[in-house]
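# Residue-level structural notes
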Amino acid sequence: MKIMNCPLNGPRNISEFAWGGEVKPMPDPASLDDRAWGDWLFLENNEAGVVREWWCHVPTSFWFIAERNTVTDEILKTYPASELFKERVNFAPSAKSPQAEKK
Amino acid sequence: MAGMNRLPAPFGAWIDRSKPISFTFEGKPIEGFAGDTIASALLANGQTMISRSFKYHRPRSVLTMAGQDSNTLVQVGEEPNCLADKRRIEPGLKVEAQNYVGSFEDDKGRFTELVERFLPVGFYYKSFHEQKTSWKKWEPIIRAMAGLGKADLKADFHHSYYDKQYLFADVAVIGGGPAGMAAALSAAESGAEVILVDEGAELGGSLWYARFNVDGTHGSLTRGELETAIAAKRNIRVLSDAVCTGLFADNWLPVITGNRLYKLRARSVVVATGSIEQPSVFRNNDLPGVMFASAAQRLVRLYGVKPGDRAVILTANDDGYGAALEILDAGISIGAMVDLRATVPTNEMTQAVRRAGIDVIAGHAIKEAIAGHGKSRITGAIAAPVAGDGKLGDGGRVLDCDLILMAVGYSPAAHLLHHAGAKFAYDTGSHMYRLETLPAHVFAAGSVNQAYVLDATLADGRRAGWLAARDAGHSAGAEPPAPVELGCDGLTHPWPIFPHEKGMDFVDFDEDLKYKDLINGIADGYDNVELLKRYSTLGMGPSQGKHSAVAAVRIVARETGENLNRMSVTTQRPPYTPEKFGHMAGRVFEPERRTAMHHRHLELGAQMMPAGLWWRPAYYGQKSERDKAIREEANAVRTCVGLIDVSTLGGLDVRGPDAAEFLNRMYTFAYAKQQVGRCRYVLMTDNAGVITDDGVAVRFHDEHFYVTATTSGVDAVYRQMLWWNAQWRLDVDVANVTAAYAGVNIAGPKSREVLKRVCEGVDLSAQAFPYMGAAMAEVAGIPARIMRVGFVGELGYEVHVPASQGEALWDALMAAGGLEGIRPFGVEAQRVLRLEKGHIIVSQDTDGLTNVWEADMAWAVAKTKPFFVGGRSAEIQAKKPLTRKLVGFTLANDSDPCPEECHLVLKGEEIVGRVTSAVRSPSLNKVVGLAYVHPSDGEPGKQFDIKVDGGRRIKGVVTKYPFYDPDNKRQEM
Amino acid sequence: MASLTNLDPATLKRRSFIYRKLAAAGAEFAEVNGGAVAMRYPARAENEMAVARRMGLADLSVLSHGGFKGRGTVEWLTRQGLTIGADSNKAYVQADGELAARLAPTEIFLLDALQGTGRLINQLNAAWQWAPSAPRPQQGYPTPRQDSHAWFMVTGEKSAEMFAKICGVDLRPQHCPVGTIAQTSVAKMSSSIIRADLGSTLAYHLLADIASAEYLWTCVEDAIAEYDGGIVGLAALRSLQA
């Protein structure tokens with residue numbers, strides 16, 4: 001069984017982790033046309049090489065990033081998600097009817 | 001009583017003659033000593049034949065005495081396929097041979113051999129491909145003939161106690177022979193924590209039995225020194241009688257000993273697994289009396305058993321001469337040394353044998369072992385001159401013997417290295433596979449690494465141990481030098497294969513494959529060793545090609561003209577030796593979750609049902625009265641008051657300045673303006689706009705929402721929330737408090753009266769505490785979160801309290817409702833009640849594709865929020881025509897049977913949807929349900945076809961829901 | 001010999017999820033923190049301290065435990081007088097023997113001392129209040145650890161070896177100093193293990209999902225049998241610590 005190094009908990013059996021897919025930051029949904037949104041949502045690069053992935057240490061529900069070579073299955077490094085996502089993300093108010101939220 | 005073939009001490013180092021043990025073989029009493037294996041005890045008592053072969057039911061006996069072959073598989077009690085040459089005897093053990101029809105001695109199945117030409121290689125492919133022959137007819141016959149032992153699951157079967165345990169080491173050394181012992185010492189001297197795993201009963205490997213010098217002292221002296229040194233090291237732990245069956249990623253090593261599987265994790269590993277002696281192929285090379293020289297040496301030295309009275313030794317190296325000296329010491333006469341080599345080198349060993357007056361026949365091979373009566377013991381050997389690779393010349397001699405020892409070469413026991421991804425190449429000098437590359441953190445030492453001379457083996461072990469320790473972060477002193485003279489050349493004969501025109505010249509003993517079978521397989525077109533393996537089953541038996549793989553490669557190379565250097569042996573995969581399901585299973589760890597009220601439900605006669613890992617009451621009462629119980633429980637809620645345990649419901653505390661903003665993003669609805677003290681529905685979709693969960697958000701504070709989620713969905717919801725906020729970085733904290741709160745729903749027109757009696761600090765009147773209201777208060781003196789929600793469609797309150805006080809809450813409410821006759825109700829009644837109200841259950845009434853539009857839940861989507869997960873996709877879906885629609889339905893003819901979940905909805909002959917829920921409503925006394933229908937049939941009053949059991953079609957009528965109390969007067973009273 | 005004045009756990013509101021099992025094993029209960037804790041098992045012939053030194057298992061679930069998490073947690077707790085070090089996955093001993101287990105930079109799990117007064121955790125729970133208006137200071141949020149987690153204690157020289165049967169983290173004393181926390185999977189359940197020796201006796205807290213308490217208790221009971229282990233009461237643990 002592989003070992004993965006959790007940035008919070010240290011090296012653990014891979015069975016303690018859940019894979020969360022490739023890191024592909026979401027584009028601004030409002031400025032994307034339907035096709036581009038669908039492409040982002042459903043198309044994967046399936047890269048043969050080093051990819052950045054989300055992993056979750058299940059006992060602590062701790063999400064982090066791993067850089068892994070998909071050819072050799074070697075995990076090159078792991079680090080907290082905060083190293084990649086540093087800023088608060090805001091969404092522009094909807095153009096359609098900004099006041100419309102009712103009680 | 002010691003057995004007729006028992007040798008005196010010092011032979012038999014592993015047996016304790018002061019402890020006799022009796023057991024039975026085929027019903028006959030057998031006497032052995034503590035330390036004996038089944039096989040050694042049987043041979044000591046003259047019981048040569050131990051088992052019968054898989055296909056031809058040929059008599060078989062000891063081949064390796066090392067647990068590497070399947071010639072001695074026996075049934076021990078109810079356990080089939082035990083290795084008789086490894087399994088230690090115990091008092092009262094009931095041992096039986098395997099693979100015979102009628103009696104073991106007079107097996108009717110042995111006549112299969114006479115029809116062997118009708119059982120060609122690739123028999124299954126040829127016979128059953130394209131149904132030329134009926135598999136159905138043949139299967140029972142084949143299974144009866146070819147089974148390995150008996151697994152009787154009906155009679156007396158009981159579970160044995162197996163378990164697993166983790167072990168941790170800096171350096172794991174696999175193999176307790178000279179190389180492994182030296183490696184362990186060297187690593188320990190560097191300061192590493194070492195675990196030394198050894199298959200043997202005691203450390204030493206070949207040092208116990210092999211002849212390293214003429215007088216045989218070298219091995220035992222070396223063993224003694226190493227053993228003393230290891231015993232003195234506190235940082236070496238020795239696991240004896242333990243087999244490492246695989247080498248997996250990041251040095252994860254399964255090690256089996258007894259009924260335990262160790263999961264050993266090491267920073268670095270030294271593989272010192274030695275090598276496996278290889279057989280010669282000749283006629284009758286499989287019969288009792290033919291064995292490896294090393295097997296005979298083990299029998300003599302370890303168990304004090306004389307394997308025969310007169311031996312012929314077939315050899316191609318000096319080790320055969322060492323074995324000869326050993327055999328002579330044991331008082332066994334030697335008919336001749338038959339040496340494949342044209343000239344026998346002159347050295348200490350060969351000279352010593354010659355001095356003993358033994359006839360050395362150079363340039364000869366064994367053409368055939370003479371099968372004795374019933375083939376149960378050979379009675380001689382026919383030697384013939386070698387006339388070229390695999391060819392024998394005319395003439396030859398008949399040699400009288402009851403024992404043929406094979407010493408014609410080795411193959412590295414490289415299985416674990418293969419598992420790790422090491423690469424090997426055929427070495428034309430040594431005629432063995434040589435290690436080419438090693439993966440990181442794995443080292444090899446000893447004869448698996450071509451170091452055969454004892455000094456080289458020890459030096460190689462010291463070097464590998466030092467390197468492994470350094471790799472694990474422990475370094476001391478200088479790197480020991482690599483051995484110079486390995487001694488691997490001249491040990492292994494390149495072609496010890498001598499096919500016989502009358503066959504029975506076995507290449508693979510497990511699968512009864514003869515030389516001709518391989519030739520025919522190649523002729524059939526399977527001329528690649530990997531293909532031939534699958535076609536012929538070569539190497540697929542219990543010993544996994546340990547003795548057949550190299551011979552097969554040689555044969556294929558020759559037949560196809562391929563260069564051996566460019567061929568590899570068939571891939572060796574884990575496990576190295578067979579593992580039992582018990583080892584894989586270990587203790588059964590199947591977590592289950594129980595609510596605080598679990599035992600109260602049992603006391604009330606509940607039938608429990610699983611819900612994810614949880615157990616929930618389905619209904620209360622006898623199974624025979626299920627329907628009645630559910631009806632009465634539902635009725636109690638509609639007319640009086642009922643109490644259901646909802647502790648399994650997911651609960652999340654979402655707190656912080658951004659709590660409302662966070663919910664706005666996670667759920668489809670809008671929460672920024674939700675009032676404190678009010679509940680609001682939550683519906684979650686994923687990024688693709690598919691409905692994934694629902695529940696209720698209760699705002700207890702400006703910055704605190706208590707959000708419920710489905711029992712099975714909450715863990716995923718929680719994980720998703722954390723994942724999104726790892727990206728958004730909102731100032732919000734999410735805590736999964738599911739287990740921390742026990743909860744009940746007290747529901748029914750009289751629920752307010754009952755709750756009032758035990759509730760303090762809150763006014764429960766309709767005005768002060770309306771539908772969808774919420775408050776924190778005390779119930780029966782327990783701090784509680786109270787929510788007035790209406791899943792079942794009556795006046796009702798969910799009361800959530802700290803889990804450790806959940807049972808006390810249940811007790812208090814059951815007592816408080818005594819006057820009204822409060823009735824506990826289960827999940828089944830709740831499902832009926834909610835369906836009457838038309839509430840969907842996510843993942844029952846929705847599937848992996850359901851979007852908000854087809855589920856008719858547009859009302860739950862706030863269309864003006866800047867963003868919510870799934871919103872962009874929902875927007876796109878809204879522009880597309882619906883492909884199906886979730887509707888409520890009743891039946892056109894109410895006397896039709898109630899449809900079941902997943903009954904198909906048809907439009908003409910086309911499947912357009914399915915029933916997701918349906919029940920005969922006790923409150924309305926008619927069938928009500930939910931179903932996906934074609935969008936054109938989505939309006940109330942439209943009829944559609946449902947295909948029910950038996951293929952019958954009935955008519956559903958789209959009906960507006962809620963079916964029950966459409967104006968919601970009852971839940972809002 | 002069972003005491004005639006033995007407390008029935010079901011007469012108190014706070015109940016361990018496994019009180020029936022403890023009672024069936026012959027526990028003598030005493031009230032602590034509003035619940036019944038198993039103090040001793042009078043019917044057992046062998047001295048409980050001897051069992052606990054070898055391989056003991058105790059249920060402390062009703063003892064006070066709690067926690068805080070979220071931004072500002074550690075700063076706020078520090079202002080309340082707690083001493084909390086910088087490292088996560090370390091437990092820090094407080095003035096009266098309570099433990100502040102730092103599960104993450106912004107998450108603290110609090111365990112009462114074996115005396116079971118509940119003083120510190122009660123005081124903290126009372127001290128934490130929402131600030132009257134936004135913007136509110138960052139001070140973390142209380143977490144209902146008392147009720148989300150069962151609290152067992154595993155004691156004795158064989159503890160680490162026993163854990164190796166149900167847990168994949170190396171807990172051997174030389175690799176797991178006192179105060180080390182392992183948040184991991186135990187018998188396939190997410191759990192936290194904290195090394196907290198009792199005097200000179202090796203010991204670990206085991207904290208896991210309260211709803212799985214019966215399951216986990218059964219697994220540990222099975223695992224300790226090999227080491228001649230047994231269930232012990234709080235009294236024995238207190239004696240070892242003294």
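The following paragraphs examine the structure supplied in this document. Here the structure is a predicted model, which is why all the values come from computation and not from measurement. (Residues numbered from 1 in each chain as written. Chains lettered and ligands numbered in written order. Predicted model: local features only at pLDDT ≥ 70, side-chain atom pairs only at ≥ 80, totals over all residues. Heavy atoms only, no water.)

## A few points about the side chain of T492 of chain B
Residues and elements named next belong to chain B. Tracing the backbone shows T492 in the loop between α10 (454-471) and β28 (506-508). On the basis of relative accessible area, T492 is assigned to the buried category, the value being 8%. One polar contact links the side chain of T492 to the main-chain amide nitrogen of Y410, over a distance of 3.0 Å. With near-sequence residues (within four places) excluded, T492 lies in contact with V408, G409, Y410, S430, H431, M432 and R554. (Helix = DSSP H or I, 4+ residues; strand = E, 2+ residues; numbered from the N terminus. Buried < 20%, exposed > 50% of the residue type's maximum accessible area, 1.4 Å probe, protein only. Polar contact = N/O pair within 3.5 Å; in protein donor to acceptor, adjacent residues only side chain to side chain. Contact = heavy atoms within 4.5 Å.)

## Here's the deal with the nonpolar core
By size, the foremost hydrophobic cluster in this structure holds 92 residues, and its most contacted members are F23, I38, V62, V74, M337 and I404 of chain B. The leading source of residues in this core is helix α6 (residues 293-303) of chain B, at seven residues. Every residue in contact with M337 of chain B, bar those within four places of it in the chain, is listed here: I313, T315, G320, Y321, A324, V353, I358, D359, V360 and I361 of chain B. By size, the runner-up hydrophobic cluster in this structure holds 83 residues, among which are A81 of chain A together with V637, Y718 and M857 of chain B. (Core = buried A, V, L, I, M, F, W, Y, C linked by side-chain atoms within 4.5 Å.)

## Looking at the interface of chain B and chain A
Contacts between chain B and chain A engage 39 residues on the former and 37 residues on the latter. When the buried surface of chain B facing chain A is broken down by residue, R719, T864 and R872 of chain B rank first, second and third, together holding 20% of it. Across the chain B-chain A interface, the total number found is three salt bridges. Joining chain B to chain A, the criterion identifies 14 residue pairs in polar contact (both at pLDDT 80 or more). Taken together, the elements giving at least two residues each to the side of chain B that touches chain A come down to α17 (659-666), α18 (714-728) and α22 (871-879) of chain B. Among the elements that line the side of chain B that touches chain A, the one with the most residues is α18 of chain B, at eight residues. Looking at the side of chain B that touches chain A residue by residue, the class counts come to 18 nonpolar, six polar and 15 charged. (Buried area = accessible area lost by both parts, 1.4 Å probe. Salt bridge = Lys/Arg side-chain N within 4 Å of Asp/Glu carboxyl O. Nonpolar A, V, L, I, M, F, W, Y, C, P; charged D, E, K, R; others polar.)

## Looking at the packing of helix α19 (residues 751-758) of chain B against helix α20 (residues 806-816) of chain B
Residues and elements named next belong to chain B. Running from amino to carboxyl end, α19 crosses α20 at an angle of 120 degrees, the nearest separation of the two axes being 9 Å. The pairing of α19 with α20 is recorded here as oblique in orientation. For the pair α19 and α20, the sense of crossing is right-handed. Side by side, α19 and α20 meet where V754, L755, R757 and V758 of the first sit next to A812, L813 and A816 of the second. (Axes fitted to C-alpha atoms, helices over the stretch in contact; angles between N-to-C directions. Parallel < 35°, antiparallel > 145°, perpendicular 65-115°, else oblique. Left-handed = near helix turned anticlockwise from the far one by under 90°.)

## Re the sheet that holds strand β5 (residues 62-69) of chain A
The strands that make up a sheet are held in pairs by hydrogen bonds between backbone atoms, and each pair lies either parallel or antiparallel. On the basis of which strands lie adjacent, the open sheet formed by four strands has the order β3-β4-β5-β6 (chain A) and antiparallel pairing. With one partner strand each, in any of the chains shown, β3 (17-22) and β6 (74-80) of chain A form the two edges of the open sheet. Shown here is a sheet whose adjacent strand axes are inclined to one another by a mean of 35 degrees, direction ignored. Taken together, the six bridges between β5 of chain A and β6 of chain A define a ladder with antiparallel strand orientation. Counterpart to A66 of chain A in the pairing with β6 of chain A is T78 of chain A. The strands touched by α18 of chain B are β3, β4 (50-57) and β5 of chain A; relative to β4 of chain A, the strand with the most contacts, the crossing angle is about 130 degrees. (Pairing = 2+ DSSP bridges.)

## Description of the packing of helix α5 (residues 217-231) of chain B against α10 of chain B
The description of two packed helices rests on the angle between their axes and on the distance between the axes. All names here are of chain B. Two elements in contact, α5 and α10, have axes whose closest approach is 12 Å; the angle formed by their N-to-C orientations is 20 degrees. Judged by the inter-axis angle, α5 sits roughly parallel to α10. Both α5 and α10 take part in a crossing whose hand is right-handed. Across the interface between the two elements, H218, T222 and L226 of α5 pack against L454, D455 and L458 of α10. Considered class by class, the residues forming the contact of α5 with α10 number three nonpolar, two polar and one charged.

## Regarding helix α13 (residues 549-560) of chain B
Residue and element names in this part refer to chain B. Between its first and last C-alpha, α13 extends 16 Å over twelve residues, near the 16 Å set by a 1.5 Å rise per residue. Within α13, nine of the twelve residues are buried, which leaves it mostly tucked inside the rest of the structure. What α13 keeps buried is the set A549, V550, A551, A552, V553, R554, I555, V556 and A557. Next to the buried residues of α13 lie β24 (410-412), β25 (423-427), β26 (432-437), β28, α11 (515-523) and α12 (529-536). Looking one or two residues past α13, G561 carries a phi angle of roughly 75 degrees, positive in sign. (Expected span 1.5 Å × (residues − 1).)

## Some remarks on the interface of chain C and chain B
Opposite the 44 residues of chain C that make contact, chain B presents 49 residues. Both faces considered, chain C and chain B share a buried interface measuring about 3,800 Å² in area, 48% of it formed by carbon and sulfur atoms. For the chain C face of the interface with chain B, the top three residues by lost area are K13, R20 and W130 of chain C, together amounting to 15%. Where chain C touches chain B, the interface holds 14 salt bridges. The partner of R260 of chain B in a salt bridge is E226 of chain C, with the nearest N and O atoms 2.6 Å apart. Summed over the shared surface of chain C and chain B, the number is 27 residue pairs in polar contact (both at pLDDT 80 or more). Mapped by element, the contributors of at least two residues to the side of chain C that touches chain B are α1 (19-24), β8 (141-143), α5 (145-148) and α7 (213-225) of chain C. The biggest single contributor to the side of chain C that touches chain B is α7 of chain C, with four residues. Considered class by class, the residues forming the side of chain C that touches chain B number 19 nonpolar, eight polar and 17 charged.

## Some remarks on the packing of aromatic side chains
For the structure on display, the rule yields 36 aromatic pairs over all chains. The lysine or arginine in question, K24 of chain A, covers the ring of W40 of chain A, its NZ or CZ lying 5.2 Å from the ring centre. A cation over an aromatic ring shows up here: R223 of chain B above the ring of W208 of chain B, its NZ or CZ 3.6 Å from the ring centre. (Phe/Tyr/Trp six-rings, centres within 6.5 Å; stacked < 30°, edge-to-face > 60°. Lys NZ or Arg CZ within 6 Å of the ring centre and 35° of its normal.)

## Considering unusual backbone geometry
The general pattern is negative phi for most residues beyond glycine and trans for most peptide bonds. Cis geometry is found at the peptide bond from Y961 of chain B to P962 of chain B, where omega equals 5 degrees. With respect to the helices, strands and loops of the structure, P962 of chain B is situated in the segment after β49 (953-958). Across the junction of A134 of chain C and P135 of chain C, the peptide omega takes the value -5 degrees, indicating a cis bond. Here P135 of chain C shows up in the loop between α4 (119-127) and β8. Positive phi is not limited to glycine here, since N284 of chain B has a value of about 65 degrees. Non-glycine residue D228 of chain C carries a positive phi angle of around 60 degrees. Within the secondary structure, D228 of chain C sits in the loop between α7 and β13 (230-231).

## Notes on the sheet that holds β8 of chain C
Residues and elements named next belong to chain C. The strand order across the open sheet built from five strands is β5-β6-β7-β4-β8, with neighbouring strands paired in antiparallel fashion. The strands lining the two open edges of the sheet, one partner per strand, are β5 (90-93) and β8. Adjacent strand axes in the sheet meet at a mean angle of 25 degrees, parallel and antiparallel pairs treated alike. As judged from the five bridges shared by strand β6 (residues 99-104) and strand β7 (residues 107-111), these two strands associate in the antiparallel manner. Bridge pairing in β7 places A101 opposite F109. Taken strand by strand, α4 contacts β4 (65-69) and β7, and its axis lies near 40 degrees from that of β4.

Scope: geometric values only; no functional claims are made or implied.
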